[in-house]
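# Remarks on the overall topology
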Amino acid sequence: MAESFTPPAPSVRPAVLDDGPVLAELDRSTWSTLHAVTARPQPPYGPFFDDRHRPEDVLVAEAVNPAGETAVAGYVRVVPPTPLACNAHVRQIQGLAVAGWARGRGIGRALIRAACAGARSEGASRITLRVLGHNAPARALYEAEGFTVEGVLPGEFFLGGRYVDDVMMGRPLGP
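Structure report, in brief. (Residues numbered from 1 in each chain as written. Predicted model: local features only at pLDDT ≥ 70, side-chain atom pairs only at ≥ 80, totals over all residues. Heavy atoms only, no water.)

## Focus: the sheet that holds strand 5 (residues 126–132)
This is how the line gets drawn: At least two DSSP bridges between two strands are needed for those strands to be called paired. Strands here mean DSSP runs of E at least two residues long; helices mean DSSP runs of H or I at least four residues long; both are numbered from the N terminus. Axis lines are fitted through C-alpha atoms, for helices just across the contact stretch, and the angle between N-to-C directions can take any value from 0 to 180 degrees. Here, two residues are considered to be in contact whenever any of their heavy atoms come within 4.5 Å of each other.
Spatial ordering of the open sheet is given by 1-2-3-4-5-7-6, a layout of seven strands whose pairing is mixed. Edge positions in the open sheet fall to strand 1 (11–14) and strand 6 (148–159), since each of these has one partner strand only. Adjacent strand axes in the sheet meet at a mean angle of 25°, parallel and antiparallel pairs treated alike. Direction of pairing for strand 4 (residues 90–98) relative to strand 5: parallel, over a ladder of four bridges. In the strand pairing of strand 5, Val90 is matched with Arg126. Most of the contacts of helix 1 (residues 20–30) go to strand 3 (residues 70–79), to which it runs at about 85°, and overall it touches strand 2 (58–64), strand 3 and strand 4. Sitting on the sheet, helix 2 (residues 107–121) is in contact with strand 1, strand 2, strand 3, strand 4, strand 5 and strand 7 (162–172), with an inclination near 160° to strand 4.

## Here we look at the environment of Ala61
Under the convention used in this document: Note on exposure labels: buried denotes an accessible area under 20% of the residue type's maximum, exposed denotes more than 50%, and partly exposed covers the range between, all computed with a 1.4 Å probe on protein chains only.
Mapped onto the secondary structure, Ala61 falls in strand 2. By relative accessible area, which is 0% here, Ala61 ends up buried. Spatially, the C-alpha atom of Ala61 lies 11 Å from that of Ala115, the residues being 54 residues apart in sequence. The residues touching Ala61, leaving out its near neighbours within four places in the chain, are Ser11, Val12, Ala71, Val72, Ala73, Gly74, Ile107 and Leu111.

## Here's the deal with the nonpolar core
Where we set the bar: What we call a nonpolar core is a set of buried Ala, Val, Leu, Ile, Met, Phe, Trp, Tyr and Cys residues that are connected through their side-chain atoms within 4.5 Å.
Among the nonpolar cores identified, the biggest contains 36 residues, and Leu23, Val58, Ile93, Ile107, Ile127, Tyr142 and Phe147 are the most heavily contacted of them. In contact with Phe147, other than residues within four places in its own chain, are Ile93, Ile112, Cys116, Ile127, Leu129, Tyr142, Met169, Gly170 and Arg171.

## Points about helix 2
How we decide: A helix is expected to span 1.5 Å multiplied by its residue count minus one.
Relative to the 21 Å expected for 15 residues at 1.5 Å per residue, helix 2 spans 21 Å between its end C-alpha atoms, a close match to the ideal helical length. Listing the buried residues of helix 2 in full gives Ile107, Gly108, Leu111, Ile112, Ala115, Cys116 and Ala119.

## Some remarks on unusual backbone geometry
Of note, the bond from Pro43 into Pro44 is cis; its omega dihedral lies within 30 degrees of zero at -5°. The residue Pro44 is located in the loop between helix 1 and strand 2 in this model.

## Some details on the pairing of strand 2
Counting buried residues along strand 2, five of its seven residues qualify, which places the element largely inside the surrounding structure. When strand 1 meets strand 2, the two strands line up antiparallel, connected through four bridges. If you follow Arg13 over to strand 2, its bridge partner there is Val60. In this sheet, strand 3 lies alongside strand 2 in antiparallel orientation, the contact comprising seven bridges. From the neighbouring strand, Val64 faces strand 3, where its bridge partner is Thr70.

## Considerations on the environment of Gln92
Put simply, the rule reads: Two N or O atoms count as a polar contact when they lie within 3.5 Å, although within protein this holds only if one can serve as hydrogen donor and the other as acceptor, and sequence-adjacent residues are included solely when both atoms are side-chain atoms.
Note on placement: Gln92 falls in strand 4. Among the residues examined, Gln92 registers a relative accessible area of 15% and is labelled buried. Linking Gln92 and Pro81, residues eleven residues apart in sequence, is a C-alpha distance of 5.6 Å. Once you skip the residues sitting within four places of it in the chain, Gln92 turns out to touch Arg77, Val78, Val79, Pro81, Thr128 and Leu129. Here Gln94 takes part through its side chain, which lies 2.7 Å from a polar atom of the side chain of Gln92.

Distances and angles like these do not, on their own, reveal function.
Right, here's the structure in full:
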């Protein structure tokens, strides 16, 4: 009887500047109206990292790909939602992507958990995000990780010929 192969759990690490091209390609390959409110990226492509999107704000997941190589499987960007001192206790997820080959392997869950742990280690007591109302898979994952709906902006975006809600979710970051 043949043994089944279980790939090792993903590892999550801080991004480095050299990750930029791979993360930019991941963004382009995962673009969808299920989660994007901007137009599909077109050449010439801008850099993944810039003044507003810094490597220190990004965590990268690596996993074994179908070719048996360790590769970038996803990322999450976590930032303070505003520059205000009165809001310094909050972090916000402002981007999460998982490569098609890596879906269903716990990559998104590992990234969310790492984002929460990282935010907690920076002294944050709360983490928030925004997700499109029709993105049921993402909403289910966030809910499974303790996020609750804290507000809805009905019909905030017009995507693919229909109005789509913008859903705000958040959760406390316990000790």
